[in-house]
Amino acid sequence: MENRGRKRAELADQLRADKRACSSSEFRPGSSSSCIHAHTGTTNSASEAPECEMETSSSASASGRSEGEADRDSGYGSCDSDGLDDSEHRHRSFREYHPRRSSGDHAKFKRILSSLEDDAEPGSQLASLTELCDLLSFCTEDSLSSFSSDAFAPVLVKLARHDNNPDIMLLAIRAITYLCDVLPRSSGFLVRHDAVPALCSRLMAIEYLDVAEQCLQALEKISHDHPLACSQAGAIMAVLNYIDFFSTSIQRVALSIVANICKKLPSDCSTPYMEAVPILCNLIQYEDPKLVENVAMCLIRIVERVSHSPEILNDLCKHGVIHQATNLIALNSRTTLGQPIYSGLIGMLARLASGSVVAVRTLFELNICTTLKHILSSYDIAHGLPYPVTGDAHSNQVHELLKLINELLPSSARSNEDIQLVSDKEKILMDRPEILRQFGIDILPVLIKVVNSGANLYVCYGCLSIINKYVYFSRSDMLLDLVKNTNISSFLAGVFTRKDHHVLISALRIAETVLLKLPDVFLSSFVKEGVVYAIDALLTPERSSQLMVPTSCGILIGSDQRLAAKDVLRCLCFAFDADCSSSSEKRDCKLEDDSVRILAMHIKATYFLTESQNSEIGLTETLQKLRTFCALLTDNVSISIGNDVYAQQEENLYHILHQIMAELSGREPMSTFEFIESGIVKSLVNYLSNGKYLEGKIDPHALSAHFHFVLKRLEMFARFCLSSTGGVWEDTHLAVLIRKLQCAFSSVEKFPVILSHVSKPRNTYATVPSGRCTIHPCLRVHFLKAEDESGLCNYPGDVLTVEPFSSLDAIEGFLWPKVSSGGGEHINLTSQSSTPSKIGLPLPQHADARSHQVNIQSYMGKINDLESALPAMQEDMAELSHSSLEGERAGDVIQAIPGDTSTSLNQACSGSTAQDVQYIPVEDASLRVQDSAIATTSNLASSDEHIQGRKYFTSCSNGGSSPKLIFYIEGRQLDRSLTLYQAILRQQAKAEHDVIVGPRFWSEVYKVTYRKAAEVQQSNPRVHGSKISSTLDRLGAFWQDVPFFSSMLISQLPCDLEKSNPCYDILFLLKILEGLSRFAFHLMSGERIRAFAEGRINDLDELKVAVPAIPRTEFVNSKLTEKLEQQMRDPLAVSIGGMPSWCSQLMAVCPFLFGFEARVKYFRLTAFGFSQDQSHPWSHSTNNNPNTPNDRRLNGLTVPRKKFQVCRSHILDSAAQMMEQFARHKTIIEVEYNEEVGTGLGPTMEFYTLVSQEFQKVGLGMWREDYNSSTSGKSLYIESSGLLVCPFGLFPRPWSDSSGTSDGIQFSEVIKKFVLLGQVVAKALQEGRVLDLPLSKAFCKLILEQDLNIFDIQSFDPELGRTLLEFQALVDRKKLFESVSANSTTIMSESCFRNTRIEELFLEFTLPGYPDYILASGPDHKMVNMDNLEEFISQTVDATVNSGIDKQIEAFKSGFNQVFPVKSLQVFTEEELERLLCGDQDAWASNELLDHIKFDHGYTSSSPPIMNLLEIIQEFECNQRRAFLQFVTGAPRLPPGGLAALNPKLTIVRKHCGEWADGDLPSVMTCANYLKLPPYSSKERMKERLLYAITEGQGSFHLS
């Protein structure tokens, strides 16, 4: 803004002397300033030229807070009782404190008016105006309501025209401003008396700058309610003519006036606002974001008004509107816009393109295709709002993006009204065919990717419409380019699985067009990819295999083809019309009922006639060959069972596998259609399960043989799949198979994304299950007894409101006492108290804690006589009432809970164990209301069910008992594992095409029928499961607890997904392959040990295995991840109970299908609730990217923050005190150090770093490397700091049961340390802090409650692990030889360890490395020999990974569970958990530094000091990089996601120094990740000073 500042200074010299009565900063607070912020329509404001860095940080923080407050005011948790804003609250308070002032003000107003009406002296008028302004500054609306403000209007307007005295003018206009502010309706009186022309004349004259500024303030007030009068008076040009004379803040006011006027532009005359377009196009190039957003809003509204006139649109294009808009929407734009404005600009370009051929030509000349390609590639278009688009179209960026792309191409359908425009657009493409070719290269691959990634129906139709236009106008050579760049055939095959007839018609038209233009090219690929098969299935759905083309598509043929959703406002035929008026919403669908069938029959008859003669239409040679191989594999699996020629049969199976994999990875690529229809997935699963998968039943008595058989086959399959000719994972059979399975899964899965369309949430009262207020809509349910049910009573009440996320167990707990035969005494009471309104009680209206207290206490006071009937409600209300206590500290809450809580809770809840209760998180009383807002109920779950990661013990009345009631909706039994909301969604999804959770969904009354449950339900499955479990206990404790192996063993997935679902087989095989990849070392080592035992190898060195690591991303399904991300953004996704059931089920069974970032969000959702997610310091900030949808929740709930003072010299003691006080509370802790001034994010991050280092110090007795580290020489540690060096990560040191003390360390103290460590780790995860704690992968597996065995030891102690495996190989060989030979000499010779007898190793029966740890006592266990070697191995493994560390692990978990349940982490792998805890440590690339670091206040990315700094950072060694990070951020590691995830963004600014900058040191503000860097003269000097600062500047926080 410096250039404009100079411009104003130069122009000011041309004005008359500035005679200011007051400066602009003296304007009335709360009037002009408040309106500036209220109507600029932006969320990304920046402070204007701050004088110092600290002020910049403060203003930025304030801006962030105001944004969050605005969000809370308009969204979740908002109070809807009266909707008062801040100014109205102030006026109300003012009236309460000054009730008698109105009458006095009335007399003063009369006196002032009389003195102004008389022809008084200017001095008297000036004094009266001054008094009037003062009086208006403090009066209220009531003061003026008793006095006609109409009387003041002509007088003030007349004085505003006073040409002789500028002070009178200024005060009169100021009085007008204050009058509008106090009494908004007075603006009508002022307009009637020509106040607007008077103000405009002052602006046009602009004799005095302060008078002009005050005119703008007054016009801004009037323009809110009277934009048309302002427009007719010429206010637009009056405001804009001299806008460069004003400061930036006043420029914002001026543009706010124009924006208000543009809301209601006159349609009859365009001259006033068309004259302003050149000025606006100049202003939009300015740098102030608020200013630019207001200008953009003006242009958007102008284009909307003149969109009917092609001539005016052409004029707009000539003024440069398109050039400026395209510059702003480009990703590299310097101006950051709010998403509504950004979407509005794209929509403006779409309107221009829809009505102006000049606009289309200009856009193509500006290479708009490349810009749109980048936007589409960076923006998650698949996550657009579901159809229908509700609300303002400007808020839907996806809608505008697709609409703009659609308008760039002419329509393929001709209509009389637009035939000229269509022909003009066609002429552009014909004259310059390279434009269309480039369009196809840039846009079409991205659109195809969008549809394939799981776009909703609306987005899918938009993409298909554009592709249809492109192929219609393209030449044959362009379509050949399309074939090279995209697989259009596979794309169409996937689209044909959609149900909607609009989508199917578009896909059929595309197929018809490409077949017409290139039949030879596309016909063969259509057969191979299944397009021919899919089109035939549309006509004959009974022949579909239900894999690629579900038979449900057939319901569209000959039936009502309108969308099934009840809330759809507009047919898809008109979704992309340029005119989005309401009239278009009532048009009938353009498509005939039989359109899909007619077009499909035409295509089949024209192009597929020869193919249709085959009995199996669309089947290729590759497909038939694969089916033959799969049949052979299945048959041979059946033959091998019980066959004595086992080896030969396995060899045959191995050969068949080779043939199948050769086809999969052959030169001729196999299509997804061929892969699915071949049946290869089912055959492979059946092969791995030894034929049990197809049989579908397991005999528990034959489980032992089946177990060993499956394990051997899995070991062989692992070796087969992981073998690679080139030594890289890409060449393995496993990688090829995974990629095929992912494509197949994406093609057949149809998991619905159900998003809600709920207006601003309001407080509602939910009667069921516990009678509480909730900010979510409630379901309206009528409970009815089944007609043939005689053992239950009818529920006497009418329709009840039910919390949507209530479990059926909780609903049963509410209903059972009222409908059971023994609950008659409760019926009358509960029927009278179903809702508070029935007994004349006020409904709670406020979302804040205080309002809850007032209403709930009143409510509780009036129903004391009903306490016996409503114990759950009473308990819940009491909890809520505690939340209102002001100023209560978390410590007070903890003291209110006795130490033996577990005992009392255990006695109260018969279904809970003492261990369960011991770990229950005790929530801060100030958060009770927040918990109610996160869709929790006191009776929400059964004793083993987790909602948001917390166990609800109030539901344990059912405990482990059988359910008492069974519920039905429309005759279908409800699944008890689902919430009521999920159950209703599942029922509607089966009955309808699309489910839209809109107003109709919540207003409908759902009839839920109940009947008595059978007593012996589910008894037999339990017995069967116990038999399998007991059998597996004897076979091996490790593999039975591996989820993928146990699923394979019993041939079913642990979820309720039906086996008939096409996804089931694919998920089953993917789960096996993912487990095989994770346990590849275990399986391949086991196979090598078996080979050694059988004599196939003789060298112990051959036991080593090299396992190619398959990246975890290979198992991630991008389409499913996109769906989950979209579902979690839904307003109702405040718990897993608010999402479709497939989300939680797939996350539990196959979490690897979802990307890491998506699982992190899901983890936070389940463990903390969504409001907690917003408090994470390293949660990704999307505000800097205008194309990323804002992920902010409008929940209105914030997690409280508490400060805690720690002592640097006693870090662990301070941590213990902190956790004792805050571990059980959802509170964000901010650390401050004793005798230091710093507090906030930086000191807190450093505190967790210091705690991490304390846990790594020598002498704690916690870790393996810490045993006799000072004398044994086994472990190394840094002498200066005393930290352990653990190259393979930290793993607990084993302690024997008999050892209470070792090396002076008490085992009880070790246990306390592990409890504290668990608390710290959990709290760090809860708050999003980064730990500098190198935990071993094996320890992370234990945290995730996975068992370890002999194969895991090598990961943290390679020498011991390798030796134990070699010992195990010797034991297995000895046992095999003993079974086949009685020759002891041979056995002795084959039982040597590297040519040495075991006895000659002189191993004692103690734990290796821990001579004090006695493994076994007795005469036979003093020394290890060949006879007791197996027991030695078993005891060593047990002591190392089981009994020797189990107390430490349990202590860790007990501390962890005090914060949140450790089970919530089981969606991660051990590597991901380490990343989640400790962040990223990867080196930084140059482009990453430039992309994710902000340069400000004197520095740019090209400044020489910045270039030197980036080079220095890249040259840093690992320790220097860690020190630099800790210096700047407080932590030596970056959060997960690296620099891109750092929040706040790393900012580097120029530090103002004295005369000699080289002598100054860099300084930081760690809370803002803010580095102040002096402009050093050379790179060498900078590196020297920077290294000095990061090494010597640690350890304290002071003002910089």
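Residues numbered from 1 in each chain as written. Predicted model: local features only at pLDDT ≥ 70, side-chain atom pairs only at ≥ 80, totals over all residues. Heavy atoms only, no water.

Colleague: I keep staring at the pattern of salt bridges and nothing clicks. Help me out?
Modeller: Two side chains of opposite charge can pair, provided their charged atoms sit close to one another. A full pass over the atoms with the stated rule returns 60 salt bridges. A salt bridge links Arg111 to Glu131; its shortest N-O distance comes to 2.5 Å. Here Arg111 is found in helix 5 (residues 101–117), whereas its partner Glu131 is found in helix 6 (residues 122–138), with 20 residues between them in sequence. Close ionic contact of Glu674 with Lys528 constitutes a salt bridge, the shortest N to O distance being 2.9 Å. Highlighted residues: Glu674 in helix 38 (residues 672–677) and Lys528 in helix 32 (residues 519–529), separated in sequence by 146 residues. Linked by salt bridges that have partners in common, Arg719, Glu1087, Arg1088, Glu1094 and Arg1096 make up one network. (Salt bridge = Lys/Arg side-chain N within 4 Å of Asp/Glu carboxyl O. Helix = DSSP H or I, 4+ residues; strand = E, 2+ residues; numbered from the N terminus.)

Colleague: What am I meant to see in the sheet that holds strand 10 (residues 1201–1206) here?
Modeller: Two orientations exist for strands paired in a sheet by backbone hydrogen bonds: parallel and antiparallel. The strand order 10-11-12 describes an open sheet built from three strands, whose pairing is mixed. The open sheet is flanked by strand 10 and strand 12 (1239–1240), the only strands paired with a single partner. Along the sheet, helix 62 (residues 1241–1254) makes contact with strand 10, strand 11 (1228–1233) and strand 12, crossing strand 11 at roughly 85°. (Pairing = 2+ DSSP bridges. Contact = heavy atoms within 4.5 Å. Axes fitted to C-alpha atoms, helices over the stretch in contact; angles between N-to-C directions.)

Colleague: What's the story with the sheet that holds strand 3 (residues 779–785) in this structure? I'm lost.
Modeller: Ordered in space as 4-3-9-7-8, the five strands form an open sheet in which the pairing is mixed. Unpaired on one side and paired on the other, strand 4 (800–802) and strand 8 (972–973) mark the two borders of the sheet. Judged from the five bridges that link them, strand 7 (residues 965–969) and strand 9 (residues 1005–1012) form a sheet pairing that is antiparallel. Note on strand 9: the bridge partner recorded for Tyr968 is Thr1009. Contacting strand 3, strand 4, strand 7 and strand 9, helix 43 (residues 808–819) runs over the sheet at an angle of about 110° to strand 7.

Colleague: Help me understand unusual backbone geometry in this model?
Modeller: Among all residues save glycine, negative phi is the norm, and among peptide bonds the norm is trans. The linkage connecting Val768 with the following residue, Pro769, adopts the cis geometry, with an omega of 5°. With respect to the secondary-structure elements, Pro769 resides in the loop between strand 1 (764–766) and strand 2 (772–774). In this structure, Pro1544 follows Asn1543 across a cis peptide bond, with omega equal to 5°. For Pro1544, the location among the structural elements is in the loop between helix 73 (1518–1529) and strand 20 (1546–1550).

Colleague: Sorry if this is basic, but what is going on with helix 70 (residues 1470–1478) here?
Modeller: Each full turn of the α-helix corresponds to 3.6 residues, which orients residues three or four apart in the same direction. Those residues of helix 70 not exposed but buried are Glu1470, Glu1472, Leu1473, Leu1476, Leu1477 and Cys1478. Of the surrounding elements, those touching the buried residues of helix 70 are helix 59 (1156–1168), helix 63 (1307–1327) and helix 64 (1337–1343). Of the residues flanking the end of helix 70, it is Gly1479, one or two places downstream, whose phi is positive at about 75°. (Buried < 20%, exposed > 50% of the residue type's maximum accessible area, 1.4 Å probe, protein only.)

Colleague: Just checking my understanding: could you explain a nonpolar patch on the surface for this structure?
Modeller: Residues Leu480, Val483 and Val521 make up a contiguous nonpolar surface patch of roughly 180 Å² in combined accessible area. With respect to the element layout, Leu480 can be found in helix 29 (residues 476–485). (Patch = residues over 30% accessible without salt bridge, like charges linked within 9 Å, V, L, I, M, F, W, Y side chains within 5 Å. Areas by Shrake-Rupley, 256 points an atom, 1.4 Å probe, with all protein chains shown as cover.)

Colleague: Looking at this structure, I do not really get the packing of aromatic side chains. What am I missing?
Modeller: In this description, a pair of aromatic rings is defined by centroid distance and the angle of the planes. Tallying each qualifying case throughout the model produces 36 aromatic pairs. Aromatic pair Phe1115 and Phe1152: ring centres 6.1 Å apart, planes at 80°, arrangement edge-to-face. Of the two residues, Phe1115 is situated in the loop between helix 56 (1080–1093) and helix 57 (1118–1128) and Phe1152 in the loop between helix 58 (1141–1149) and helix 59; the sequence distance between them amounts to 37 residues. Residue Phe1115 is classed as buried on the basis of its relative accessible area, which comes to 0%. (Phe/Tyr/Trp six-rings, centres within 6.5 Å; stacked < 30°, edge-to-face > 60°.)

Colleague: Which parts of the structure should I look at to understand the pairing of strand 22 (residues 1570–1573)?
Modeller: Sheet faces and side chains relate simply in a regular strand, where the side chains alternate between the two faces. Burial of the side chains of strand 22 extends over both faces: Tyr1570 and Lys1572 are buried on one face and Leu1571 and Leu1573 on the other. Summarising the sheet, strand 20 and strand 22 pair through four bridges and their orientation is parallel. Bridging across to strand 22, Arg1550 finds its partner in Leu1573. Examined bridge by bridge, strand 21 (residues 1563–1565) and strand 22 share three bridges and lie antiparallel to one another. Along strand 22, the bridge assignment pairs Ser1563 with Lys1572. Here strand 21 hands over to strand 22 after four residues, with Asn1569 in that stretch at a positive phi of 50°.

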